[in-house]
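Residue-level structure breakdown
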Amino acid sequence: TDTKDGSKVYTIATDTTFAPFEFQNADGDYVGIDMDILEAVAKDQGFEYEVNAVGFDAALLAVEVGQADGVIAGMSITEERKNKFDFSDSYYSADVCMAVAEDSDITKYEDLKGKNVAIKTGTNGADFANSIKDEYGFTTTEFADSSNMYQDVQVGNSVACFEDYPVMAYAVQQGLNIKITDYREAGSDYGFAVSKGENAELLKMFNEGLANIKANGKFDEIVDKYTKK
Ligand code: GLN
């Protein structure tokens, strides 16, 4: 889309709910670390955008097929994804953790034998669970969003789920009755992404804006706002 004066309005795809990175506040507006970084970067660089919260897997697909110009969704920078996306500099890092029901006695992967695990389509956590499911003898059920994945654990259809640690920790802090086990998998770095070879201008503005808001303190202010109590 374009504005009246002909300047471009970028469409940025994101997840539906991935607090504290993107979620709707009481007014229904999308807020969170990703949303506030995007807003600050756009202001710094003077570009316009609209956010399309379609879900994680759908957001990546939207960028791939050209329905969105970029994606910011707590998206991990991986070698595999670099075949399809160009990533910005990293702005956050997160481990994947295994979480279980509050009253569960599951503490390790061996305890998952013969049980079902909830995973979120297209995520690192899902890739990790799929990579160990045969070895540890568990099955998986996929969900498009984090809330439905957590719910499956809460109601007991699944005994565990795999989620990015900062997101799971935030949900627990908000009162979700799930507990995080000590099992963490290697960290990944989050980046803003565009389709490979496309929107180089947008990617450059994102990186420049990110560097500027890191230098002027705005970046830390945003992260603190959502992570410090
Ligand atoms: N960081 C994870 C990934 O990129 C999960 C992202 C998400 O669920 N929004 O796969």
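**Looking at unusual backbone geometry**
A cis amide bond, omega 10 degrees, links Ala19 with the succeeding residue Pro20. Tracing the backbone through its elements, the reader meets Pro20 in the loop between strand S1 (9-14) and strand S2 (23-24). Its identity is not glycine, yet Asn199 carries a phi of approximately 50 degrees, on the positive side. Relative to the helices and strands, Asn199 resides in the loop between strand S12 (193-195) and helix H6 (200-215). In this structure Asn199 comes out as partly exposed when scored by relative accessible area, which is 23%.

**Describing the packing of helix H1 (residues 33-45) against H6**
One way to put it is that H1 packs onto H6 with a least axis distance of 8 Å and a crossing angle of 100 degrees. Relative to H6, the element H1 is oriented roughly perpendicular. Facing H1, whose interface residues are Ile37, Ala40, Val41, Asp44 and Gln45, H6 presents Met205, Phe206, Glu208, Gly209, Leu210, Asn212 and Ile213. For the contact of H1 with H6, the class distribution of residues is 7 nonpolar, 3 polar and 2 charged.

**Some details on the site of the ligand**
If you check the shell around the ligand, you find 13 residues, and the closest are Gly74, Arg81, Lys120, Asn124 and Asp164. Contact distances for the ligand include 2.7 Å between a nitrogen atom and a backbone N or O atom of Gly74. The protein chains hide 99% of the 300 Å² of surface that the ligand would expose on its own. Split into classes, the residues belonging to the shell around the ligand amount to 5 nonpolar, 4 polar and 4 charged. For the shell around the ligand, the two domains that each supply at least three residues are domain 1 (9-91 + 191-227) and domain 2 (95-187).

**Concerning the pattern of salt bridges**
Per the counting criterion, the structure on display carries 9 salt bridges. For Lys120, the salt bridge goes to Asp15, with nearest N and O atoms at 2.6 Å. In this pair, Lys120 is assigned in strand S8 (residues 116-120) and Asp15 in the loop between S1 and S2, connecting sequence segments 105 residues apart. Judged by relative accessible area, Lys120 falls into the buried class, the value being 2%. Classification of Asp15 by relative accessible area gives buried; the value is 0%. Note that Glu208 is salt-bridged to Lys204, the shortest N-O span being 3.4 Å. With Glu208 and Lys204 both in helix H6, this residue pair falls 4 residues apart, about one helical turn. Looking at Glu208, the relative accessible area reads 37%, which means it is partly exposed.

**Section: the domain arrangement of the protein chain**
Entries for the protein chain in the domain assignment read domain 1 (9-91 + 191-227) and domain 2 (95-187). With centres defined by C-alpha atoms, the gap from domain 1 to domain 2 works out at 25 Å. Here domain 1 packs against domain 2, burying approximately 1,100 Å² in sum over the two surfaces, 52% of which is carbon and sulfur. Taken together, the connections running from domain 1 to domain 2 amount to 1 salt bridge. The tally of links between domain 1 and domain 2 comes to 3 residue pairs in polar contact (both at pLDDT 80 or more).

**Considerations on the environment of Thr121**
Here Thr121 is to be found in the loop between S8 and helix H3 (124-136). For the pair Thr121 and Ala58, spaced 63 residues apart in the sequence, the C-alpha separation amounts to 9.4 Å. What Thr121 contacts, discounting residues up to four positions off in sequence, is Phe56, Asp57, Glu142, Phe143 and Ala144. A polar atom in the side chain of Thr121 sits 2.8 Å from the side chain of Glu142.

**Considerations on the packing of aromatic side chains**
This structure, assessed with the given rule, holds 16 aromatic pairs. Aromatic side chains Phe18 and Phe21 sit 6.1 Å apart centroid to centroid with 35 degrees between the ring planes, which places their arrangement in the tilted category. Residue Phe21 is classed as buried on the basis of its relative accessible area of 0%. Note on Tyr92 and Tyr190: the rings are 6.1 Å apart at their centroids and 25 degrees apart in plane angle, and the pair reads as stacked.

Procedures and definitions
Residues numbered from 1 in each chain as written. Predicted model: local features only at pLDDT ≥ 70, side-chain atom pairs only at ≥ 80, totals over all residues. Heavy atoms only, no water. Helix = DSSP H or I, 4+ residues; strand = E, 2+ residues; numbered from the N terminus. Buried < 20%, exposed > 50% of the residue type's maximum accessible area, 1.4 Å probe, protein only. Axes fitted to C-alpha atoms, helices over the stretch in contact; angles between N-to-C directions. Parallel < 35°, antiparallel > 145°, perpendicular 65-115°, else oblique. Contact = heavy atoms within 4.5 Å. Nonpolar A, V, L, I, M, F, W, Y, C, P; charged D, E, K, R; others polar. Near = heavy atom within 4 Å. Polar contact = N/O pair within 3.5 Å; in protein donor to acceptor, adjacent residues only side chain to side chain. Areas by Shrake-Rupley, 256 points an atom, 1.4 Å probe, with all protein chains shown as cover. Domains from an automatic or database assignment. Salt bridge = Lys/Arg side-chain N within 4 Å of Asp/Glu carboxyl O. Buried area = accessible area lost by both parts, 1.4 Å probe. Phe/Tyr/Trp six-rings, centres within 6.5 Å; stacked < 30°, edge-to-face > 60°.

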